[in-house]
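Listed below, chain by chain, are the residues.
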Amino acid sequence: MPSQGTIGDRVRGLRLSRRMSQAQLAGPDLSDSYVSLIESGKRTPTPVVARLLAERLGCTTEFLLHGIEPRQRIDTELGLRHAELELYHGDAALAADRFGDIVKAAGEDNALLAAHARLGRARALEAQGKIGRAVEAYERLRREAAAHPERLADVPLTVALCRCYQRAGDLMRARDLGAEALAQVMELSLFHGEVAVELAAALAEAEIGLPYVEQVLASTGVPVPDDRTTEILSLWQASVSAAEGEDSALAVHFADDALSAGRPARVALQAARIAMRWAEISAAKTVGDSDHVDELVSRATEVFSVLPAESAEHARSLTVLARVRLRSGNTGSAELLAKQALGLLSDEPGTVAALVHLVLADVALARSEGGAEASLERAGALLDQAPGVGQAHGREVAAVWRELGDLWGRAGNRQQQTTAYRKALESVGVMSTVAGAVTSTVFAR
């Protein structure tokens, strides 16, 4: 059915909904004054100009000229939303396939939708841990954003690349990208919203821009969300049913509601991760207000506890909180929290479970009671079984081996201490042939 209003009304309405200025819509080919004349109804765009404007506004030329929304476009919009729901609340691999299908289906008149589908696919690859392929996809999208800023924003792509390079172990590139994104958002004084929270999370992982991270935490807080999983899945199913009944507009509406229902939890989850990472950095450097650090990580633990899918993060946050309490001398609370974390992890191989046993060993050593050696041996066994995933993971494992060596030293077992330090070096690709060689400088890089 034709939409109400003139061509100018549709151009202006779409431009405002995309949060574009007239100059951005005009681009290098038109003048902003010409766009203004079209919107005021004083000029009618030629077919060539209409096609150009439609591409930048993310609609079809037919809709722009006649106010008709083709079925193919709305179906593509619906497919994009369902793929996003799959990414956030389903299977990332299936989401990647669905985003790929949308890229193929989107024609020349849907360049904006195709770009967003490629972005979704990059995020789905990242969610699967396919970091190399995700980096390639994000880099291509960043080049496209430079050429077509009306399709894609650069800052979210820069943040995503910072995050991916950090996970891949290229810290220098990650920090460069993080600094670039930070400079852009600081010009905007942006401390709220998903972009700010995602950037703060990436900066915290890279351990740069920490004043900005602190400001985002202060502005956003660490809200504890409601678990709306049942509501989200119900709305998603209603959208699927509406689509099967060929009511695409209603299906899009339900899908939008489902995505909106999940957004508070996604932001809260990121904020909790920032708070947890901030606490780890502060505790390691023994800086900052210890009560404030305790409060932040306690809040993060509360967030993870209400989200059933985040049991691994819940265990990690309990471990961080146990270490914070241990450093403040509260061995009883540290021991209790560590045991709660073990209950969630089931003693699975990896650095988090190993750290839990290090907390228990530290508690035993602080109390000068037995049991420290058994906890240290268990931590070593878990580290030996830890799966290797990239250079960043190697540094993480190395740091835990080094801490294990420190605790073996406190326990008076020099042989085990030396073994742990050697394995720390091996985790980052340094093979020591000198018996008893001990170094820590490599882990600080």
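Since this is a predicted model, take the numbers as computed values, not measurements.

(A) Molecular detail of the UniProt feature "domain: HTH cro/C1-type" (unreviewed entry) in the protein. Following the UniProt record, the feature "domain: HTH cro/C1-type" (unreviewed entry) maps to residues 11-64 here. Counting secondary structure, residues 11-64 comes out at 65% helix and 0% strand; the distance between its end C-alpha atoms is 7 Å.

(B) Looking closely at helix α16 (residues 290-305). Taking 1.5 Å per residue as the helical rise, α16 with its 16 residues ought to reach 22 Å, and the 22 Å between its terminal C-alpha atoms agrees with that figure. Those residues of α16 that sit buried are Val293, Asp294, Leu296, Val297, Ala300, Thr301, Val303 and Phe304.

(C) Spatial organisation of the environment of Asp294. Position of Asp294 relative to the elements: it lies in helix α16. Separated by 28 residues in sequence, Asp294 and Ala322 have C-alpha atoms that sit 9.6 Å apart. In this structure, Asp294 is in contact with Leu321, Val324 and Arg325, ignoring residues within four places of it in sequence.

(D) Seen up close, the side chain of Arg266. Following the sequence through the fold, Arg266 ends up in helix α15 (residues 248-285). It turns out Arg266 is buried and unbridged, and the closest side chain with the opposite charge, Glu194, is 4.6 Å from it. At a separation of 3.3 Å, a polar atom in the side chain of Arg266 contacts the main-chain carbonyl oxygen of Leu259. Setting aside residues no more than four positions away along its own chain, Arg266 makes contact with Tyr88, His89 and Leu259.

(E) Molecular detail of unusual backbone geometry. Phi is positive for Arg19, which is not a glycine, with a value near 60°. Following the sequence through the fold, Arg19 ends up in the loop between α1 (7-17) and α2 (22-26). You will see that Ser189, though not glycine, has its phi angle at about 50°, which is positive. Inspection of the secondary structure puts Ser189 in the loop between α11 (171-188) and α12 (193-206).

(F) Spotlight on the nonpolar core. Judged by nonpolar contacts, the single largest core of 97 residues is most densely connected at Tyr138, Tyr212, Val213, Leu358 and Leu404. The element best represented in this core is helix α19 (residues 351-367), accounting for 11 residues. Leaving out residues up to four positions away in the same chain, Tyr138 has contacts with Leu119, Ala122, Arg123, Glu126, Leu157, Ala160, Leu161, Arg163 and Cys164. Core analysis: the next-biggest nonpolar cluster, separate from the first, contains 16 residues, Leu14, Ala26, Leu30 and Ala54 among them.

(G) Main features of the side chain of His314. Mapped onto the elements of the fold, His314 is located in helix α17 (residues 311-327). When residues no more than four places from it in sequence are discounted, the contact partners of His314 are Thr301, Phe304, Ser305 and Leu344.

(H) Geometry of the packing of aromatic side chains. Tallied over the full model, the rule gives 1 aromatic pair. For the ring pair Phe191 and Tyr212, a centre distance of 5.4 Å and an interplane angle of 35° mean the geometry is tilted. In this pair, Phe191 is assigned in the loop between α11 and α12 and Tyr212 in helix α13 (residues 210-220), connecting sequence segments 21 residues apart. Directly above the aromatic system of Tyr88 lies the positively charged group of Arg266, at a separation of 3.9 Å from the ring centroid.

(I) Broad picture of the packing of helix α7 (residues 92-105) against helix α8 (residues 111-127). The N-to-C vectors of α7 and α8 enclose an angle of 160°; their axes lie 8 Å apart at closest approach. Between α7 and α8, the interaxial angle falls into the category roughly antiparallel. For the pair α7 and α8, the sense of crossing is left-handed. Here α7 contributes Ala92, Ala95, Ala96, Phe99, Gly100, Ile102 and Val103 to the contact with α8, which in turn contributes Ala114, Ala117, Arg118, Gly120, Arg121, Ala124 and Ala127. Its residues assigned to classes, the contact of α7 with α8 shows 10 nonpolar, 2 polar and 2 charged.

(J) Region of interest: the pattern of salt bridges. Taken as a whole, this structure holds 28 salt bridges when the rule is applied. Here Arg316 and Glu280 are joined by a salt bridge, their closest N and O atoms 2.8 Å apart. Residue Arg316 is located in helix α17, and its partner Glu280 is located in helix α15; the two are separated by 36 residues in the primary sequence. Judged by its relative accessible area of 22%, Glu280 falls in the partly exposed class. Where salt bridges share partners, they join Glu207, Arg273, Arg277, Glu280, Glu310, Glu313 and Arg316 into one cluster.

(K) Here's a closer look at the state of the cysteines. With the rule as written, the count across this model stands at 0 disulfides. Distance from the sulfur of Cys162, which forms no disulfide, to the nearest cysteine sulfur (Cys164) is 9.3 Å. With relative accessibility at 0%, the residue Cys162 sits in the buried group.

The rules behind the values
Residues numbered from 1 in each chain as written. Predicted model: local features only at pLDDT ≥ 70, side-chain atom pairs only at ≥ 80, totals over all residues. Heavy atoms only, no water. UniProt positions renumbered as here; feature names shortened; annotations may be inferred. Helix = DSSP H or I, 4+ residues; strand = E, 2+ residues; numbered from the N terminus. Expected span 1.5 Å × (residues − 1). Buried < 20%, exposed > 50% of the residue type's maximum accessible area, 1.4 Å probe, protein only. Contact = heavy atoms within 4.5 Å. Lys, Arg positive; Asp, Glu negative; His and termini not counted. Salt bridge = Lys/Arg side-chain N within 4 Å of Asp/Glu carboxyl O. Polar contact = N/O pair within 3.5 Å; in protein donor to acceptor, adjacent residues only side chain to side chain. Core = buried A, V, L, I, M, F, W, Y, C linked by side-chain atoms within 4.5 Å. Phe/Tyr/Trp six-rings, centres within 6.5 Å; stacked < 30°, edge-to-face > 60°. Lys NZ or Arg CZ within 6 Å of the ring centre and 35° of its normal. Axes fitted to C-alpha atoms, helices over the stretch in contact; angles between N-to-C directions. Parallel < 35°, antiparallel > 145°, perpendicular 65-115°, else oblique. Left-handed = near helix turned anticlockwise from the far one by under 90°. Nonpolar A, V, L, I, M, F, W, Y, C, P; charged D, E, K, R; others polar. Disulfide = S-S within 2.5 Å.

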